[in-house]
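So you can see what is in the structure, the chains are spelled out below.
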Amino acid sequence: MNDVLTELQDTKANLKLVISSFSDDQFNTVPFKDSWTPGQVSDHILKAVGVGVLYGNTKPTTRNHDEKVAETAKLFLNMDIKMKSPDFILPSNAPQNKQETLNKVDDTFSRLIEAAKTLDLSLTCLAFEVPGFGEFTRSEFIWFYIFHTQRHIYQLKNIAKALGD
């Protein structure tokens with residue numbers, strides 16, 4: 001597994017590439033029954049990446065600060081299981097602007113990369129707990145954001161195929 005900065009940069013680049021592959025019309029097209037549009041998937045990704053959590057209150061960690069990374073990867077990178085999104089990160093039903101979305105991806109991932117470079121990643125975040133996982137360290141949150149985004153990049157590539165890209 002690459003280091004966190006390399007993974008963040010690669011994930012950002014791959015997300016921007018797949019979003020860019022959609023035409024403006026396709027970006028708001030439902031590709032098949034019970035699917036989100038590419039714009040909605042992108043909106044969901046951005047809502048899920050809570051950079052602010054990394055800057056919230058923390059406490060010293062009393063375990064290996066990367067202890068939950070492998071378990072998170074195993075769950076989120078298993079494309080054979082379908083997950084249900086928590087309501088608070090469900091995408092909007094409003095049409096999404098592709099260029100604005102690309103700008104938000106750039107900004108959000110740049111802030112994540114800056115956090116990974118400058119914060120003590122071993123501290124445990126207190127602002128939010130991931131359902132089913134409990135408290136995460138800053139490092140685990142960053143890896144969670146990476147794995148969650150990679151899962152949806154896979155989904156976006158499948159949507160692109162369905163839309164005939």
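Now for a quick tour of the structure.

1. Describing unusual backbone geometry
Here is step 1: Located in the positive-phi region is Asp 34, a residue other than glycine, with phi close to 65°.
Here is step 2: Inspection of the secondary structure assignment puts Asp 34 in the loop between helix H1 (4-20) and helix H2 (38-48).
Here is step 3: Note on Asp 34: relative accessible area 68%, which makes it exposed.

2. Considering the side chain of Ser 35
Here is step 1: By the secondary structure assignment, Ser 35 is in the loop between H1 and H2.
Here is step 2: Looking at Ser 35, the relative accessible area reads 12%, which means it is buried.
Here is step 3: If we ignore the near neighbours within four places in the chain, the residues touching Ser 35 are Val 30 and Ile 159.

3. Concerning the packing of aromatic side chains
Here is step 1: Throughout the structure, instances matching the rule amount to 9 aromatic pairs.
Here is step 2: Seen in terms of ring centroids, Phe 88 and Phe 128 are 5.6 Å apart; in terms of plane orientation they differ by 70°. Their pairing is edge-to-face. On the criterion of sequence distance, the pair formed by Phe 88 in the loop between helix H4 (69-76) and helix H5 (98-118) and Phe 128 in the loop between strand E2 (124-125) and helix H6 (138-162) is long-range, its members being 40 residues apart.
Here is step 3: By relative accessible area, Phe 88 is classed as exposed at 53%.
Here is step 4: Among the aromatic residues, those joined into a ring-pair cluster are Phe 76, Phe 88, Phe 128, Phe 133, Phe 136, Phe 141, Phe 144 and Tyr 145.

About the criteria used
- The numbering scheme is per chain: residues are counted from 1 as the chain's sequence reads.
- Local features in this predicted model are restricted to residues of pLDDT 70 or higher, and side-chain atom pairs are both shown and tallied only at a pLDDT of 80 or more, whereas totals for entire chains, interfaces and linings draw on every residue.
- To obtain the side-chain values, all non-hydrogen atoms of the structure were used and water was disregarded.
- Secondary structure elements are defined from DSSP: runs of H or I of at least 4 residues count as helices, runs of E of at least 2 residues count as strands, and each element is numbered from the N terminus.
- Only protein chains enter the calculation, and the probe is 1.4 Å; a residue is then buried if its accessible area is under 20% of its type maximum, exposed if over 50%, and partly exposed in between.
- A contact between two residues is defined here by any heavy atoms of the two lying within 4.5 Å.
- Stacked, edge-to-face and tilted labels apply to pairs of Phe, Tyr and Trp rings (six-membered ring for Trp) whose centres lie within 6.5 Å, assigned for plane angles under 30 degrees, over 60, and everything in between, in that order.

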